[in-house]
Amino acid sequence: MTDMLADDQTQDHTDLFSKFDPLIQMRANLLDSGVEDPFGLVMERVVSPTVAICNGRETILLGTYNYMGMTFDPDVIEAGKQALEDFGSGTTGSRVLNGTYAGHRAVEQALCEFYAMDHAMVFSTGYQANLGIISTIAGKGDYIVLDIDSHASIWDGCKMGDAEVVPFKHNDIEAMEKRLRRIPAGTGKLVVLEGVYSMMGDIAPLKEMIAVAKRHGAMVLVDEAHSMGFIGPNGRGVAEEQGCLDDVDFVIGTFSKSVGTVGGFCVSNHPKFEIMRLVCRPYVFTASLPPSVVATAATSIRKLMHAGNKRAHLWENSRTLHKSLKDAGFQLGTESPQSAIISVIMPDLERGAAMWEALLHEGLYVNLARPPATPANMTLLRCSLCAEHSAEQVQQIIGMFERAGKTAGIL
Amino acid sequence: MDRAETSARIATLIEPFNKKGVAITDATRFTDDLEFDSLTVMDFVAAIEDEFDIIISMNAQAEIETYGQLVDAVVKLQG
């Protein structure tokens, strides 16, 4: 029992923001060193999928996840304009009430065809897709076994549900197997993996991991956000590339990378999948995507089914940049290029921020990634290539890295 | 395995993680006294899980702040 507060008394105020003081200090120290704010960049004008005017400078974009360069595709733009004209600017409603338009059904149909799966469910963001599916299917008494380097949306989905959460060391098949073996028989098990891990740009040994998961009776969810459109014979991702897509129960994906707009989805062959539309709270209790967004997504997805040349060029770009940066003496996240992400490892946050700024002054934008988002508390300069980067742009990028590396004292 | 024997085995496992050689009692706190960060926690938990062939889920870890609480949890998890 607490004492009653007298009418003329006031309790001491506790500032709920005090917990952020260490981060506020760290940010202040960084900016005091005179570096341009890495988390306050404004794109004043976007010229193309690969060029924008950032903080007043013309800048090559190498940190946008716009892998297939669909954001300015004429057919995609036209579909968006038409939907905006025909269906208005927004749905103002949940998918299960007034928020399902013809376009939402059409984009789900496009996803079913893209992945050759029976069911597709579109969420308002990729974050919500992971949040919703994971928290809904793994409930009290069930176990979620997941890679320790999983994306924040996966962790948040675990936290929102009531399942027991059991992480294992990144891409470690044996560590995963041991944990699955220790879970009591007859318990519900969900293994959560990613095709491409976006911090280092490495891929998972899905074929082996999924085989182990299935042997232990687990269901498998794979997040293929960073592989759609250019990994696998049909661009369905790392599981398709490794020949194990049929054993994946749920594929999670996003419209905000290769598709070039915003939104998230889950595709599945589970016979009862449609019930998710009624029980998944991050799907039900939010407004659906605007008609223009689903129209651009559907058009983009259908074009990605036939994008062989763009895929080949994207891989060429990834191989060229990886080899040149490695030859120049940079430390990279992977020994060989495994995806369209190339991660350059920085010695610490200060020099990482200095290198980031030097690149920006050269006219190149990359992502500065820092703890706690990064594995092993690393500071990374993360580069994501685009199929629309020309071979000349890639050569320019390499020159910029070499000069900035010397300016910032990394090389 | 009784509590004393469990505690003795955990004491051996914690040594490589106890970089500052902090004297360990049941009241020793992992974050505040031993200064374990999230990566150290992961490796340490994995070492204990393998030694005792158990799972200490994240949910269970959230309830464990001290060495004594860990020993109790491991005793319980062994059944």
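Predicted model only: the values in this text are computed from it and were never measured.

Visitor: Would you mind going over the overall build of chain A with me for this structure?
Guide: Assigned secondary structure in chain A consists of 14 helices and 16 strands. For chain A, whose C-alpha radius of gyration is 23 Å, the value lies close to the compact-globule estimate of 22 Å for 411 residues. Across its three principal directions, the C-alpha atoms of chain A cover 70 × 55 × 50 Å. Buried residues in chain A amount to 50% of all 411 residues. Here the analysis covers contacts within chain A between residues at least 6 apart in sequence; of these, 72% occur between residues at least 24 apart.

Visitor: How do you make sense of the pairing of strand β7 (residues 189-194) of chain A when you look at a structure like this?
Guide: One face of the sheet, then the other: side chains in a regular strand alternate in exactly this way. Residue and element names in this part refer to chain A. β7 sits mainly inside the fold: six of its six residues count as buried. With burial as the criterion, each face of β7 is covered, one bearing Lys189, Val191 and Leu193 and the other bearing Leu190, Val192 and Glu194. The pairing of strand β5 (residues 143-147) with β7 spans four bridges and is classified as parallel. Of the residues in β7, the one forming a bridge with Val145 is Val191. Judged from the five bridges that link them, β7 and strand β10 (residues 219-223) form a sheet pairing that is parallel. Paired with Glu194 across the two strands is Asp223, which belongs to β10.

Visitor: Just checking my understanding: could you explain helix α4 (residues 126-137) of chain A for this structure?
Guide: Since one α-helical turn is 3.6 residues long, residues separated by three or four positions face the same way. All names here are of chain A. Here α4 spans 17 Å end to end across 12 residues, near enough to the 16 Å set by a 1.5 Å rise per residue. With 10 of 12 residues buried, α4 lies mostly within the body of the structure. Within the sequence span of α4, burial applies to Gly126, Gln128, Ala129, Asn130, Leu131, Gly132, Ile133, Ile134, Ser135 and Ile137.

Visitor: Please explain the nonpolar core as it appears in this structure.
Guide: A general feature of soluble globular proteins is that nonpolar side chains tend to end up buried together. The biggest cluster of nonpolar side chains holds 125 residues, and the ones touching the most others in it are Ile134(A), Ile144(A) and Val145(A). Leave out the neighbours within four places in its chain, and Ile144(A) touches Ile134(A), Ala138(A), Cys158(A), Ala163(A), Val165(A), Val166(A), Leu190(A) and Val192(A).

Visitor: How should the environment of Ile342(A) be read in this particular structure?
Guide: Residues and elements named next belong to chain A. Its place among the elements puts Ile342 in strand β13 (residues 341-346). Of the residues examined, Ile342 has 27 C-beta atoms within 10 Å and is grouped as buried. Those residues in contact with Ile342, other than ones at most four positions away along the chain, are Gly201, Ser318, Leu321, His322, Leu325, Leu332, Pro337 and Cys383.

Visitor: Teacher, can you tell me more about unusual backbone geometry here?
Guide: Most peptide bonds take the trans configuration, and most residues that are not glycine carry a negative phi. A positive phi angle, close to 60 degrees, is found at Tyr65(A), a residue other than glycine. Within the secondary structure, Tyr65(A) is located in the loop between β3 (57-61) and α2 (74-87).

Visitor: Where do I start with the domain arrangement of chain A in this structure?
Guide: Reports often express the size of an interface as the amount of accessible area lost when the parts come together. Residues and elements named next belong to chain A. When its domains are assigned, chain A resolves into domain 1 (33-68 + 308-407) and domain 2 (73-304). Relative placement of domain 1 and domain 2: their C-alpha centres are 27 Å apart. On the side of domain 2, 19 residues touch domain 1, which itself brings 19 residues to the contact. If you list the elements that add at least two residues to the side of domain 1 that touches domain 2, you get α12 (308-328), β13 and β16 (379-384). In terms of residues, the side of domain 1 that touches domain 2 owes the most to one element, β13, which gives three residues.

Visitor: Would you explain the pairing of β5(A) in this entry?
Guide: Residue and element names in this part refer to chain A. For β5, the tally of buried residues reaches five of five residues, placing the bulk of the element in the interior. Burial along β5 is two-sided: Tyr143, Val145 and Asp147 facing one way and Ile144 and Leu146 facing the other are all buried. Across five bridges, β5 lies against strand β6 (residues 164-168) in parallel orientation. The residue bridging Asp147 from the neighbouring strand is Phe168, located in β6.

Visitor: Looking at this structure, how should I read the packing of helix α3 (residues 102-115) of chain A against helix α11 (residues 291-304) of chain A?
Guide: To describe two helices that pack against each other, one gives the angle between their axes and the distance between the axes. Residue and element names in this part refer to chain A. Interhelical geometry of α3 versus α11 gives an angle of 20 degrees and a closest axis separation of 9 Å. By the angle between their directions, the pair α3 and α11 is classed as roughly parallel. Considering how the two elements wind past one another, α3 and α11 form a crossing that is left-handed. Touching Gly103, His104, Ala106, Val107, Ala110, Leu111 and Phe114 of α3 are Pro291, Val294, Ala295, Ala297, Ala298, Ile301 and Arg302, all from α11.

Visitor: Is there a simple way to explain the interface of chain A and chain B in this structure?
Guide: Across the contact, 12 residues belong to chain A and 10 residues belong to chain B. When residues of the side of chain A that touches chain B are traced back to their parent elements, those giving at least two are β6 and α6 (173-182) of chain A. When its residues are assigned to classes, the side of chain A that touches chain B shows seven nonpolar, no polar and five charged.

Thresholds applied
Residues numbered from 1 in each chain as written. Chains lettered and ligands numbered in written order. Predicted model: local features only at pLDDT ≥ 70, side-chain atom pairs only at ≥ 80, totals over all residues. Helix = DSSP H or I, 4+ residues; strand = E, 2+ residues; numbered from the N terminus. Rg over C-alpha atoms; globule rule 2.2 N^0.38 Å. Buried ≥ 20, exposed ≤ 12 C-beta atoms within 10 Å, placed from the backbone. Contact = placed C-beta atoms within 7 Å. Pairing = 2+ DSSP bridges. Expected span 1.5 Å × (residues − 1). Core = buried A, V, L, I, M, F, W, Y, C linked by C-beta atoms within 7 Å. Domains from an automatic or database assignment. Axes fitted to C-alpha atoms, helices over the stretch in contact; angles between N-to-C directions. Parallel < 35°, antiparallel > 145°, perpendicular 65-115°, else oblique. Left-handed = near helix turned anticlockwise from the far one by under 90°. Nonpolar A, V, L, I, M, F, W, Y, C, P; charged D, E, K, R; others polar.

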